[in-house]
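Chain by chain, the residues run as shown.
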Amino acid sequence: MVDTVIDWFAVQGRDLPWRRPGTSAWAILVSEVMLQQTPVVRVLPRWHDWLEHWPTPADLADAPTAEVLRRWDRLGYPRRALRLQECARAIVREHGGEVPRGLDALRSLPGIGEYTAAAVTAFAHHGRAVVVDTNIRRVLARSVRGRALPDASYSAAERALATRSLPTDRERSVAWNQAVMELGALVCTARSPQCARCPLAKSGCAWFAAGRPAAAEGTRRRQAFEGTDRQMRGKIMAVLRRDGEAAVTDLLALDPADPARVERCTATLVADGLAVHAGERLRLP
DNA sequence: AAGTCGGGGCC
DNA sequence: GGCCCAGACTT
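Residues numbered from 1 in each chain as written. Chains lettered and ligands numbered in written order. Predicted model: local features only at pLDDT ≥ 70, side-chain atom pairs only at ≥ 80, totals over all residues. Heavy atoms only, no water.

**Observations regarding the overall build of chain A**
Turning to step 1, where the next piece is worked out: The secondary structure content of chain A amounts to 15 helices and three strands.
Turning to step 2, where the next piece is worked out: The dimensions of chain A, computed from C-alpha atoms along their principal axes, are 65 × 50 × 30 Å.
Turning to step 3, where the next piece is worked out: For chain A, the residues scored as buried account for 46% of the 285 residues in total.
Turning to step 4, where the next piece is worked out: Relative to all contacts within chain A whose residues are 6 or more apart in sequence, the contacts with residues 24 or more apart total 62%. (Helix = DSSP H or I, 4+ residues; strand = E, 2+ residues; numbered from the N terminus. Buried < 20%, exposed > 50% of the residue type's maximum accessible area, 1.4 Å probe, protein only. Contact = heavy atoms within 4.5 Å.)

So, in structure tokens, the structure goes:
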């Protein structure tokens, strides 16, 4: 099963820029943070722009935060951009400007959680690490457990499954992590999996063997986006990226029917460090 | 364990 | 109009 997926990747894997030999650990770390909850196609232009302007942690550490947020553009979750700059400063301050090795050192950096620490270990340092992202969760849920989708919450049992599935050999573990993630992204997709193209369908997938049973009735209900504080925060940040600053009274026009919502969101943006007050105006930090 | 946090493209 | 996307962090 492992070699089947690795061989598939050798032929079908995408030539993504952060996978090219010679890519720095910092560039790979930046790609992983940008890819958190964000599709590859939208990350590509931002990643090139960021690495062109800030090729090392020291470069980003010294950058004006307002420019950092502008170059983040519409990637979403702009707190990631702030944490990435804090991460760069921590790397300069505590690790001599080099991306540290080891899960514990990586996890202690701002914005680096369990997944990203493992991904940097595997893809930047070529170490053996249990990488578990949404793609790997789905491939293992289907191929091993015979389920249409992974459980809503990430459990210890699921992590144990991922650990068991990881090859013991270091080089094969790196290849496996990369390959199974790509399989989930290109073939074993959430909505319409293309089992006809899947190297595991014939012999390695319990879900396919069981006739692709449907998922249990939807229990998880996501928060709607239209009309939420998240959307309003995004609108305010879009204005600040475009103009650098705005009069608070002008921002109220973003939702004339509910000025309290605009004020509430402005306050949370300031609390998050994404905006600062300057008299009667709001501007990027 | 559950909520919050962007934004866009696809069905 | 709901769903999904290389998650992290707080409570």
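**Regarding the protein's contact with DNA strand C**
Turning to step 1, where the next piece is worked out: The immediate surroundings of DNA strand C are formed by 24 residues, with E32, G111, T116, D133 and R138 found nearest.
Turning to step 2, where the next piece is worked out: Taken together, the sugar and phosphate atoms account for 64% of what DNA strand C places within 4 Å of the protein.
Turning to step 3, where the next piece is worked out: G113 has a polar backbone atom sitting 2.9 Å from a phosphate oxygen of DNA strand C.
Turning to step 4, where the next piece is worked out: At 3.2 Å, a side-chain N or O of Y115 approaches a base nitrogen of DNA strand C.
Turning to step 5, where the next piece is worked out: Of all the secondary-structure elements, those providing two or more residues to the surface near DNA strand C are α8 (114-123) and α9 (134-143). (Near = heavy atom within 4 Å. Polar contact = N/O pair within 3.5 Å; in protein donor to acceptor, adjacent residues only side chain to side chain.)

**As for helix α6 (residues 79-95)**
Turning to step 1, where the next piece is worked out: The terminal C-alpha atoms of α6, which comprises 17 residues, lie 23 Å apart, in line with the 24 Å expected from a rise of 1.5 Å per residue.
Turning to step 2, where the next piece is worked out: Contacts made by the buried residues of α6 are with α2 (25-34), α3 (40-53), α4 (57-61) and α5 (65-72).
Turning to step 3, where the next piece is worked out: One or two positions beyond α6, positive phi appears at G96, with a value near 65°. (Expected span 1.5 Å × (residues − 1).)

**Some words on helix α11 (residues 170-186)**
Turning to step 1, where the next piece is worked out: With 17 residues, α11 extends 25 Å between its outermost C-alpha atoms, agreeing within 8% with the 24 Å of an ideal straight helix rising 1.5 Å per residue.
Turning to step 2, where the next piece is worked out: Inspection of α11 places S173, V174, W176, N177, Q178, A179, V180, M181, E182, L183 and G184 among the buried residues, and these make up the whole buried set.
Turning to step 3, where the next piece is worked out: Where α11 is buried, its residues touch α1 (2-12), α8, α9 and α10 (156-165).
Turning to step 4, where the next piece is worked out: The N-capping residue of α11, defined by a side-chain oxygen 3.3 Å from the backbone nitrogen of E171, is D169.

**Points about the nonpolar core**
One recurring pattern in soluble globular proteins: nonpolar side chains tend to sit buried together.
Turning to step 1, where the next piece is worked out: Judged by nonpolar contacts, the single largest core of 85 residues is most densely connected at W26, L29, W50, L84 and I236.
Turning to step 2, where the next piece is worked out: Residues from two domains meet in this core; each of domain 1 (25-123) and domain 2 (229-283) gives at least three.
Turning to step 3, where the next piece is worked out: Apart from the residues lying within four places of it in its own chain, the contact partners of L84 are W26, L29, V30, V33, W50, L60 and W72. (Core = buried A, V, L, I, M, F, W, Y, C linked by side-chain atoms within 4.5 Å. Domains from an automatic or database assignment.)

**What about the packing of α2 against α6?**
Turning to step 1, where the next piece is worked out: Where α2 contacts α6, the two axes come as close as 11 Å, and the packing angle between them is 155°. Here α6 runs roughly antiparallel to α2, going by the angle between their axes. Helix-helix and strand crossings are classified by hand; for α2 and α6 the assignment is right-handed. Residue-level inspection shows W26, L29, V30, V33 and M34 of α2 in contact with α6, the latter providing R80, L84, C87, A88 and I91. (Axes fitted to C-alpha atoms, helices over the stretch in contact; angles between N-to-C directions. Parallel < 35°, antiparallel > 145°, perpendicular 65-115°, else oblique. Left-handed = near helix turned anticlockwise from the far one by under 90°.)

**Some details on the domain arrangement of chain A**
Turning to step 1, where the next piece is worked out: Annotation of chain A at the domain level lists domain 1 (25-123) and domain 2 (229-283).
Turning to step 2, where the next piece is worked out: For domain 1 versus domain 2, the distance between C-alpha centres works out to 25 Å.
Turning to step 3, where the next piece is worked out: When the two sides are added together, the surface that domain 1 and domain 2 hide from each other amounts to roughly 710 Å², 59% of it contributed by carbon and sulfur.
Turning to step 4, where the next piece is worked out: When the buried surface of domain 1 facing domain 2 is broken down by residue, L69, R70 and R79 rank first, second and third, together holding 51% of it.
Turning to step 5, where the next piece is worked out: Linking domain 1 with domain 2 are three residue pairs in polar contact (both at pLDDT 80 or more).
Turning to step 6, where the next piece is worked out: Sorting the residues of the side of domain 1 that touches domain 2 by element identifies α5 and α6 as the ones contributing at least two each.
Turning to step 7, where the next piece is worked out: Residues belonging to the side of domain 1 that touches domain 2 are distributed by class as follows: four nonpolar, no polar and four charged. (Buried area = accessible area lost by both parts, 1.4 Å probe. Nonpolar A, V, L, I, M, F, W, Y, C, P; charged D, E, K, R; others polar.)

**Points about the packing of aromatic side chains**
Turning to step 1, where the next piece is worked out: Evaluated as defined, the whole model comprises three aromatic pairs.
Turning to step 2, where the next piece is worked out: Consider the rings of W18 and W47, whose centres lie 5.5 Å apart with planes at 75°: the pair is edge-to-face. Of this pair, W18 sits in the loop between α1 and α2 while W47 sits in helix α3, and the two are 29 residues apart along the sequence. Like W18, the residue W47 is buried in the burial classification.
Turning to step 3, where the next piece is worked out: Judged by centre distance (5.5 Å) and plane angle (70°), the ring pair of W50 and W72 falls under edge-to-face. Of this pair, W50 sits in helix α3 while W72 sits in helix α5; the two residues are 22 residues apart in sequence, bridging distant segments of the chain.
Turning to step 4, where the next piece is worked out: Among the residues examined, W50 registers a relative accessible area of 1% and is labelled buried. (Phe/Tyr/Trp six-rings, centres within 6.5 Å; stacked < 30°, edge-to-face > 60°.)

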